[in-house]
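Here are the chains, one letter per residue:
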Number of protein chains: 2
Amino acid sequence: MADAMTTRTPAQEAWELLGKLFWEARPRMLRVAGEFGLTPPQLFALRSLDPDEPVPMRALAAALHCDSSNVTGLIDGLEAQGLVERREAEHDRRLRMLVVTEHGAEVRDRLLSVLREVPEPLASLSAADQTVLRDVLRRALG
Amino acid sequence: MADAMTTRTPAQEAWELLGKLFWEARPRMLRVAGEFGLTPPQLFALRSLDPDEPVPMRALAAALHCDSSNVTGLIDGLEAQGLVERREAEHDRRLRMLVVTEHGAEVRDRLLSVLREVPEPLASLSAADQTVLRDVLRRALG
DNA sequence: CAGCAATGCTTGAGGTTGTCAACCATTGCC
DNA sequence: GGCAATGGTTGACAACCTCAAGCATTGCTG
């Protein structure tokens, strides 16, 4: 009966294992942020921005699930490093469009290429398992 | 050729989809922490502690991938709420063993039961897919 | 066994994140 | 024209986080 307390459905166990996977990937993210001279929130912000499509600050705040006033400081930091620029919007002078600079785009590319590296537990799976995993996740999130 | 730039291996695509899954689960974690009167770091700390096995603060710091001095403040907060106690160790008076109180264990149980809830994208998978996902992750992390 | 390096935790300084309320400028609606 | 709504910034305040410094304790070592 003690087992009945700790028994998990397959989905629950999968979710728990995914939690472990992400927790293990955390130190790498922190290290990468440091190497690029960014704080973790700045890294998330730069990752969220699309160099090809400027968005108002409001949109970034929504993407980051945080308050607009918070984004102000984040962008101050990125702007100070020349990675992002505030630009006036065309038809609404209230908006501040966030434009990733050329340098910012380059940094962002290098950043993403590191973050995209598949962590060891997944990388060591067989090719077949990797494909199965992708297909299942496509069905879940695609 | 433009596709060549954005082509991903199955494992890379899976890792990217997992990133999305976790990012979507973040708001719920923040909400839960708030509902239990905890800050996110405090939540992680309480989650890391095993009510059945006290550990020194040093061990918690290692588990949280952070500095010991940071844990001091975290535990101050949990202790103020009566969730955790600092207790002297048996044979080494330098150590402060972290003991989850009875109340803390109860709060922790309720906390975990909410966090363990499988997020919508996974929950909506077929039972077969859920089992496949679990099995693949077991091979990766088990 | 005396000295001293190493360990475990706390404290203080300094910088960043995060929220909220208040504010200013601008826009859109009546 | 008046006025509510929107977008962003600012200031106050709480919390996190790291580093360096400090204290107590432990354990090694000559």
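Criteria and thresholds
Per-chain numbering applies: the sequence of each chain, read as written, is numbered from 1 onward. Starting at A for chains and at 1 for ligands, labels are handed out in the order in which the entities are written. Residue-level local features of this predicted model are given only where pLDDT is at least 70; pairs of side-chain atoms are given and counted only at 80 or more, and the full residue set underlies all totals for whole chains, interfaces and linings. Only the C-beta atom matters for nearness: placed from the backbone, it must lie within 6 Å of the molecule or strand for the residue to count as near. Under the scheme used here, helices are H or I runs from DSSP no shorter than 4 residues and strands are E runs no shorter than 2 residues, and both carry numbers assigned from the N terminus. Gly falls in the polar group here, along with every residue not listed as nonpolar (Ala, Val, Leu, Ile, Met, Phe, Trp, Tyr, Cys, Pro) or charged (Asp, Glu, Lys, Arg). C-beta atoms are first placed from the backbone for all residues, and any pair lying within 7 Å is then listed as a contact. Whenever a helix is involved, its axis is fitted only over the stretch in contact; in every case the axis is a line through C-alpha atoms, and angles between N-to-C directions fall within 0 to 180 degrees. Each crossing is labelled by how the near helix is turned from the far one, with a counterclockwise turn of less than a right angle marking it left-handed and a clockwise turn marking it right-handed. Each nonpolar core comprises buried Ala, Val, Leu, Ile, Met, Phe, Trp, Tyr and Cys residues, the members being joined through C-beta atoms within 7 Å. Whether a residue is buried, exposed or partly exposed follows from its count of other C-beta atoms within 10 Å of its own C-beta, namely 20 or more, 12 or fewer, or something in between, respectively; the C-beta atoms are built from the backbone. Should an angle fall under 35 degrees it is called roughly parallel, over 145 degrees roughly antiparallel, and 65 to 115 degrees roughly perpendicular, with every other angle called oblique. Here a helix's expected span is defined as the number of its residues, less one, multiplied by 1.5 Å. An arc is given here, and it is the one of the directions from the helix axis to the C-beta atoms. Only strands joined by at least two bridges in the DSSP assignment are considered to pair.

1. Side note on the protein's contact with DNA strand D
- Around DNA strand D sit 23 residues in total, of which P56(A), R58(A), S69(A), C66(B) and S69(B) are the nearest.
- At the level of secondary structure, the elements contributing two or more residues to the surface near DNA strand D comprise α4 (57–63) and α5 (68–80) of chain A together with α3 (40–48) and α5 (68–80) of chain B.
- The leading source of residues in the surface near DNA strand D is α5(B), at five residues.
- Broken down by class, the residue content of the surface near DNA strand D amounts to six nonpolar, nine polar and eight charged.

2. Section: the interface of chain B and chain A
- Facing 33 residues of chain B, the contacting portion of chain A comprises 33 residues.
- Every element with two or more residues in the side of chain B that touches chain A is listed here: α2 (10–35), α7 (120–123) and α8 (127–141) of chain B.
- By residue number, the principal contributor to the side of chain B that touches chain A is α2(B), which donates 14 residues.
- Looking at the side of chain B that touches chain A, its residues break down into 20 nonpolar, four polar and nine charged.

3. Comments concerning the packing of α3(B) against helix α4 (residues 57–64) of chain B
Residues and elements named next belong to chain B.
- At a minimum axis separation of 10 Å, α3 and α4 run at an interaxial angle of 115 degrees. In the crossing of α3 with α4, the sense of the turn from one axis to the other is right-handed. The segment α3 lies against α4, with F44, A45 and S48 engaging L60, A63 and L64.
- The class makeup of the residues in the contact of α3 with α4 is five nonpolar, one polar and no charged.

4. With respect to the nonpolar core
- The biggest cluster of nonpolar side chains holds 22 residues, and the ones touching the most others in it are A14(A), L122(A), A14(B) and L122(B).
- Those elements giving two or more residues to this core turn out to be α2 (10–35) and α8 (127–141) of chain A together with α2 and α8 of chain B.
- Setting aside anything within four residues of it in sequence, one finds A14(B) in contact with L122(A), Q130(A), L133(A), R134(A) and L137(A).
- If you look at the next biggest cluster of nonpolar residues, it comprises 16 residues, including L49(B), L60(B), I75(B) and L83(B).

5. Some thoughts on the packing of α4(B) against α5(B)
All names here are of chain B.
- At a closest axis distance of 9 Å, the pairing of α4 and α5 adopts a crossing angle of 105 degrees. Considered as vectors, α4 and α5 are oriented roughly perpendicular to each other. Counted together, M57, R58, L60, A61 and L64 of α4 and S68, V71 and I75 of α5 form the full contact between these two elements.
- Here the contact of α4 with α5 is composed, by residue class, of six nonpolar, one polar and one charged.

6. Thoughts on helix α6 (residues 102–115) of chain A
All names here are of chain A.
- Given a rise of 1.5 Å per residue, 14 residues ought to cover 20 Å, and the 20 Å separating the end C-alpha atoms of α6 matches this to within 8%.
- For α6, the set of buried residues is G104, V107 and R108. One side of α6 holds all its buried residues, which, seen down the axis, span an arc of 100 degrees. Facing away from the buried side of α6 by more than 90 degrees, the exposed set consists of E102, D109 and S113.
- Looking at the buried side of α6, the elements it contacts are α3 (40–48), β2 (84–88) and β3 (96–100).

7. Focus on unusual backbone geometry
Residue and element names in this part refer to chain A.
- For H65, which is not glycine, the phi torsion reads 55 degrees and is therefore positive.
- Along the polypeptide, H65 turns up in the loop between α4 and α5.
- Judged by the 11 C-beta atoms lying within 10 Å of it, H65 falls in the exposed class.

8. Some words on the sheet that holds β3(A)
All names here are of chain A.
- Strand order in the open sheet made by the three strands is β1-β3-β2, with antiparallel pairing throughout. A single partner strand is all that each edge strand has here, and the edge strands are β1 (55–56) and β2.
- Pairing analysis gives five bridges linking β2 to β3, with the strands arranged antiparallel. Counted as the bridge partner of E85 is V99 from β3.
- Set on the sheet, α5 makes contact with β2 and β3; between it and β2 the angle comes to about 110 degrees.

Purely geometric stuff here, so don't read any function into it on its own.
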